[in-house]
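Residues per chain are reported as follows:
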Amino acid sequence: MSVNLDIRLKRANKVYHEGEVVSGVIVMVCKEAVQHHGIFLSMEGLVNLQLSSKSVGVFEAFYNSVKPIQLISSNIEVAKAGKVPPGKTEIPFEFPLNTKSNKVLYETYHGVFVNIQYTLRCDLKRSLLTKDLSKNCEFIVHCQPQKAKVVPMPVNFSITPDTMQNVRERSSLPKFLVRGHLDATNCVITQPLTGELQVENSDVPIKSIELQLVRVETCGCAEGYARDATEIQNIQIAEGDVCRSLPIPIYMVFPRLFTCPTLETTNFKVEFEVNIVIVLQDDHLITENFPLKLCRI
């Protein structure tokens, strides 16, 4: 007696804000009547913190600080013990999206070492000899838009061998000059990162120019912090030895789920940066880093 169990939310984009009601239907499809011992629905919001391999064992205190942080936890009984009739059965539900006491609803974010996730779980309880049925459904939480107006802060840059950092033998670098600007480094997450750059001169031909979006995740406690930077996406904006003094547009959309408004709490931080990477034909890498502050309006 197979039963297909599903959770369907009313909102197609599955996006909710704190204080709203998460509503939808539990759908069950079976060929013949199925006996059950109750149908239950639970809502959970968790922040999962994970240490990178280089940090494990460095701070013993981390093992206590990286326990999952529970933001929401609530359960309801959707149906009492009985039978599911043959065919398709839909049971509506509503769940208020309210936090536990003194907790904050952080925005949904899928990272490497920090993961903020909200899920609905439906459990159909059956007899001891029959396996219970479960179905999970993730929904997305967006934080409330900030009321303060975001004032764009343009950043001009000029990249030369003298501006390069972490270079051992500066004299071995070929001569080059790249100028440009970013329209803003305090960015609205729903709008693209824009700007432009132009190569004024370069002794070595250019192979590629790329934009690299990076997340910087920090986990820890008072005893110490583990800070790790990982790439989210890399977009090529030019290929080959580009014309000199030709403006090249910079345009990058922030990917959903893998970015969120810049976040800083006592246990973790999520920050973002963008790298402009110029690859020369001799495989020299020229990189300029810009910290970003993301927000939602």
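Only a predicted model underlies this, so the values are computations on that prediction, with no experimental measurement involved.

Novice: Could you give me a rundown of the layout of surface pockets, with the residues and numbers involved?
Specialist: A volume near 270 Å³ is recorded for the largest pocket. For the largest pocket, the lining is made up of twelve residues, of which M164, Q165, N166, T287 and E288 are closest to its centre. Residues that form the lining of the largest pocket fall into these classes: five nonpolar, six polar and one charged. Taken as a whole, the second largest pocket spans an internal volume of roughly 190 Å³.

Novice: Go over the side chain of T218 with me, naming the residues and quoting the values.
Specialist: Assignment of secondary structure puts T218 in strand β16 (residues 206–221). With residues up to four places along the chain from it excluded, the contact list for T218 reads Y225, A226, R227, N267, F268, K269 and E271.

Novice: Can you lay out the nonpolar core for me, pointing to particular residues and giving the numbers?
Specialist: In this structure, I116, F139, I209 and F268 are the most contacted members of the largest nonpolar core, which totals 78 residues. Broken down by element, this core gets its largest block of residues, seven residues, from strand β20 (residues 268–280). When residues of this core are sorted by domain, at least three fall in each of domain 1 (1–140) and domain 2 (151–293). The residues contacting F268, other than those within four sequence positions of it, are V47, L49, I69, Y106, V114, I116, T218, C219 and L263.

Novice: I'd like a description of the pattern of salt bridges, backed by residues and values.
Specialist: Tallied over the full model, the rule gives ten salt bridges. R11 is the salt-bridge partner of E20, the closest N and O atoms lying 2.8 Å from each other. Residue classification places E20 among the partly exposed residues on the basis of a relative accessible area of 25%.

Novice: Tell me about the packing of aromatic side chains, and name the residues and values.
Specialist: For the structure shown, the criterion picks out five aromatic pairs. A ring pair is formed by Y16 and F139, whose centres lie 6.1 Å apart and whose planes are at 85 degrees; its orientation type is edge-to-face. One end of the pair, Y16, is in strand β2 (residues 15–16); the other, F139, is in strand β11 (residues 133–141), and 123 residues separate them in sequence. Residue classification places Y16 among the buried positions, given a relative accessible area of 1%. A ring pair is formed by F157 and F290, whose centres lie 5.3 Å apart and whose planes are at 55 degrees; its orientation type is tilted. With F157 in strand β12 (residues 155–159) and F290 in strand β21 (residues 285–295), the pair connects residues that are 133 residues apart, well separated along the chain. With respect to burial, F157 and F290 carry one shared label: buried.

The rules we used
- Residues numbered from 1 in each chain as written.
- Predicted model: local features only at pLDDT ≥ 70, side-chain atom pairs only at ≥ 80, totals over all residues.
- Heavy atoms only, no water.
- 1 Å grid on protein atoms, 1.4 Å probe; cavity = no way out; pocket = protein on both sides within 12 Å on 5 of 7 lines; lining within 4 Å.
- Points joined across faces, edges and corners; volume = space filled by probe spheres on them.
- Nonpolar A, V, L, I, M, F, W, Y, C, P; charged D, E, K, R; others polar.
- Helix = DSSP H or I, 4+ residues; strand = E, 2+ residues; numbered from the N terminus.
- Contact = heavy atoms within 4.5 Å.
- Core = buried A, V, L, I, M, F, W, Y, C linked by side-chain atoms within 4.5 Å.
- Buried < 20%, exposed > 50% of the residue type's maximum accessible area, 1.4 Å probe, protein only.
- Domains from an automatic or database assignment.
- Salt bridge = Lys/Arg side-chain N within 4 Å of Asp/Glu carboxyl O.
- Phe/Tyr/Trp six-rings, centres within 6.5 Å; stacked < 30°, edge-to-face > 60°.

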